[in-house]
Amino acid sequence: MAEITGDQRVQSEVLEGLATAVNHRSWFVELAVPHLGDNPIEIGSGLGDYALEWSRHVPRFTATEADPDRLVQLKERLAEEPTIEVRQMLLPHPERGDYSAAVSYNVLEHIEDHVGALRSMRDLVRPGGAVIIIVPAFQFAMSPADIATGHVRRYTKKTLAAAMTEAGLTVETMHYANALGLIGYFMATKVFRLMPKEGPMVKVYDTLVLPATKAAEQRIRPPFGQSVFAVARVPA
């Protein structure tokens, strides 16, 4: 059985702080929507911010969380959402399912056996369905904040593609996202050793810088970014 890595208190503080970055979340919500299908499952729903937004686009949605305390919070927050089921899930695991897609944002980097975790996501999804992933990019940006929140690694397109292929998935699309965010994250967390929590820097970036970054990257894919976004298919 895999372990939940990182300081859960610090993780919750970071999740609560980043929940204020509404433009960032809206952008990353949009990236996944075309691939969700009719009945997706999210691996690692945290406080439920993405689950709430994705559920507006699909008839049924399943949110999951590994940490027991956060699972209680997630169930309380989503209790009045009739189309969302909430359950506990820790990867890797042997379960099989018939979901239209498995979506997991900023979770895979916490799991030592990431290929096993991707295989578990593959087995939850029906043939032809999607596994949709966002992970933090570039090992040189690994910082005290990464370590405190339980990151085992950061990725490039090449290393994420290799893990997905080893897990038996067929990579459909992959690109870096939020190029300026990588620079800001590196300076804040590696140089100044700050935690990515709610504060003036997050608000200024999300309000002023991110909309321009998103618009530019919708026209030209950057050669680097704070995150790697990927969609892979379960073979028929």
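All values derive from a computational prediction rather than experimental measurement.

1. A short note on the pairing of strand E7 (residues 227-233)
- Burial within E7 is extensive, with six of its seven residues counted as buried.
- Relative to E7, strand E5 (residues 125-136) runs antiparallel, the two sharing seven bridges. Across the sheet, valine 135 pairs through a bridge with valine 228, a residue of E7.
- Note that strand E6 (residues 170-177) and E7 share seven bridges and pair antiparallel. Considered in E7, the bridge of tyrosine 176 is made with valine 228.

2. A word on the nonpolar core
- If you look at the biggest cluster of nonpolar residues, it comprises 34 residues, and the most contacted ones within it are Leu108, Leu118, Met121, Ile133, Leu160 and Met164.
- Secondary structure elements with two or more residues in this core: strand E4 (99-105), helix H5 (114-124), E5, helix H7 (157-166), E6 and E7.
- No other element matches the five residues that H5 contributes to this core.
- Apart from the residues lying within four places of it in its own chain, the contact partners of methionine 121 are Ile43, Leu91, Ala102, Ser104, Leu108, Val131 and Ile133.
- Ranked by size, the runner-up nonpolar core spans 28 residues in total, among them Phe28, Leu52, Trp54 and Tyr105.

3. Things to note about the pattern of salt bridges
- In total, this model carries twelve salt bridges according to the counting rule given.
- For aspartate 38, the salt bridge goes to arginine 126, with nearest N and O atoms at 3.2 Å. Linking aspartate 38 in the loop between helix H2 (22-32) and strand E1 (41-42) with arginine 126 in strand E5, this pair joins segments that are 88 residues apart in sequence.
- By relative accessible area, aspartate 38 is classed as partly exposed at 35%.
- The salt bridge involving arginine 56 is made with glutamate 81; its shortest N-O contact spans 2.9 Å. Here glutamate 81 lies in the loop between helix H4 (68-77) and strand E3 (84-88) and arginine 56 lies in the loop between helix H3 (49-55) and strand E2 (61-65), a separation of 25 residues in the sequence.

Procedures and definitions
- Residues numbered from 1 in each chain as written.
- Predicted model: local features only at pLDDT ≥ 70, side-chain atom pairs only at ≥ 80, totals over all residues.
- Heavy atoms only, no water.
- Buried < 20%, exposed > 50% of the residue type's maximum accessible area, 1.4 Å probe, protein only.
- Helix = DSSP H or I, 4+ residues; strand = E, 2+ residues; numbered from the N terminus.
- Pairing = 2+ DSSP bridges.
- Core = buried A, V, L, I, M, F, W, Y, C linked by side-chain atoms within 4.5 Å.
- Contact = heavy atoms within 4.5 Å.
- Salt bridge = Lys/Arg side-chain N within 4 Å of Asp/Glu carboxyl O.

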